[in-house]
Amino acid sequence: AIQYGHWDAHFDGPGYFWAITNTIATCCYNLYTKWAITDLRMSTYGSTLYNNVLCLPFLLFAALITGEQASLAQSAAAVTPITGLVLFLSGFLGFAISFAGFKVQSLVSATSFTVVVNVSKIVSIITGMAIFATTPNMGSALGLLLSLTGAFLYAMVNRAPEQRKA
């Protein structure tokens, strides 16, 4: 991932700051969530519900700090049926990601879940390249290949002990 980012033609300092912040938060979140699911023994639906409801105070706080609440009425008035459909689908997909994530976390280790998330990001990068017709330079392609190889090797190493037992 570092190799991929190093060769990014669109390097943006604040963008990378938030990417690093996201990486750290994701790591902490994944570990905490695995602990919470294991200790609290909540259902997948319960975990999804509490996770999303408990985010609301932080969302409202962020809106107040950034001044978003001032434009809320104007933004809401500008919603067309198509925009409403896109927002609804975004909410549905967010719920589906959350639900699937909690289900997977209840079934696998925190490390395996992190690998799954990283592989999905690699798939997103490749899909984005295809949709937006962008081509990575050699350094970025090498970074992407290294990430895929690492995820594959990790999966193979974890799978080997299970196959030996069979």
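As a reminder, the structure under discussion sits directly above these lines.
About the thresholds
- Residues numbered from 1 in each chain as written.
- Predicted model: local features only at pLDDT ≥ 70, side-chain atom pairs only at ≥ 80, totals over all residues.
- Heavy atoms only, no water.
- Helix = DSSP H or I, 4+ residues; strand = E, 2+ residues; numbered from the N terminus.
- Buried < 20%, exposed > 50% of the residue type's maximum accessible area, 1.4 Å probe, protein only.
- Contact = heavy atoms within 4.5 Å.
- Areas by Shrake-Rupley, 256 points an atom, 1.4 Å probe, with all protein chains shown as cover.
- Patch = residues over 30% accessible without salt bridge, like charges linked within 9 Å, V, L, I, M, F, W, Y side chains within 5 Å.
- Salt bridge = Lys/Arg side-chain N within 4 Å of Asp/Glu carboxyl O.
- Axes fitted to C-alpha atoms, helices over the stretch in contact; angles between N-to-C directions.
- Parallel < 35°, antiparallel > 145°, perpendicular 65-115°, else oblique.
- Left-handed = near helix turned anticlockwise from the far one by under 90°.
- Nonpolar A, V, L, I, M, F, W, Y, C, P; charged D, E, K, R; others polar.
- Phe/Tyr/Trp six-rings, centres within 6.5 Å; stacked < 30°, edge-to-face > 60°.
- Expected span 1.5 Å × (residues − 1).

On to the overall build of the protein chain. A tally of helices and strands in the protein chain yields seven helices and zero strands. Along the protein chain, helices (α) and strands (β) appear in the sequence α-α-α-α-α-α-α when read from the amino end. In the protein chain, buried positions account for 16% of the 166 residues. Put simply, 75% of the contacts in the protein chain that link residues at least 6 apart link residues at least 24 apart. When the accessible area of the protein chain is evaluated, it comes to approximately 12500 Å², of which 74% is carbon and sulfur surface.

Note that I37 resides in helix 2 (residues 13–40). Classification of I37 by relative accessible area gives buried; the value is 10%. I37 sits ten residues away from S47 along the chain, and the two C-alpha atoms are 7.6 Å apart. Once residues within four sequence positions are removed from consideration, I37 is found in contact with M42, S47, F102, Q105 and S106.

Quick look at a nonpolar patch on the surface now. Residues Y45, L49, V53, L56, L59, L85, F88, L89, F92, L93, F95 and F99 make up a contiguous nonpolar surface patch of about 1200 Å² in total accessible area. By residue number, the principal contributor to the nonpolar patch is helix 5 (residues 81–107), which donates seven residues. Take L85: it is sitting in helix 5. Owing to a relative accessible area of 46%, L85 belongs among the partly exposed residues under this scheme.

A few words on the packing of helix 2 against helix 6 (residues 110–131). Their axes nearest at 9 Å, the elements helix 2 and helix 6 cross at an angle of 140°. Classed by the angle they form, the pair helix 2 and helix 6 counts as oblique. The chirality of how helix 2 crosses helix 6 is right-handed. Touching N22, N30, L31 and K34 of helix 2 are A110, F113, T114 and K121, all from helix 6. Across the contact of helix 2 with helix 6, the residue classes tally to three nonpolar, three polar and two charged.

Looking now at the packing of aromatic side chains. One pass over the structure, following the stated rule, counts three aromatic pairs. When the ring of Y32 is compared with that of W35, the centres are 5.5 Å apart and the planes differ by 40°; the resulting orientation is tilted. Note that Y32 and W35 are positioned in helix 2 at a spacing of three residues, about one turn of the helix. The class of W35 is partly exposed, set by a relative accessible area of 48%.

Over its 28 residues, helix 2 extends 39 Å from the first C-alpha to the last, a length consistent with the 40 Å expected when each residue adds 1.5 Å. Among the residues making up helix 2, those that are buried are N30, T33, K34, A36 and I37. In the segment just after helix 2, R41 is the residue with positive phi, at about 50°.

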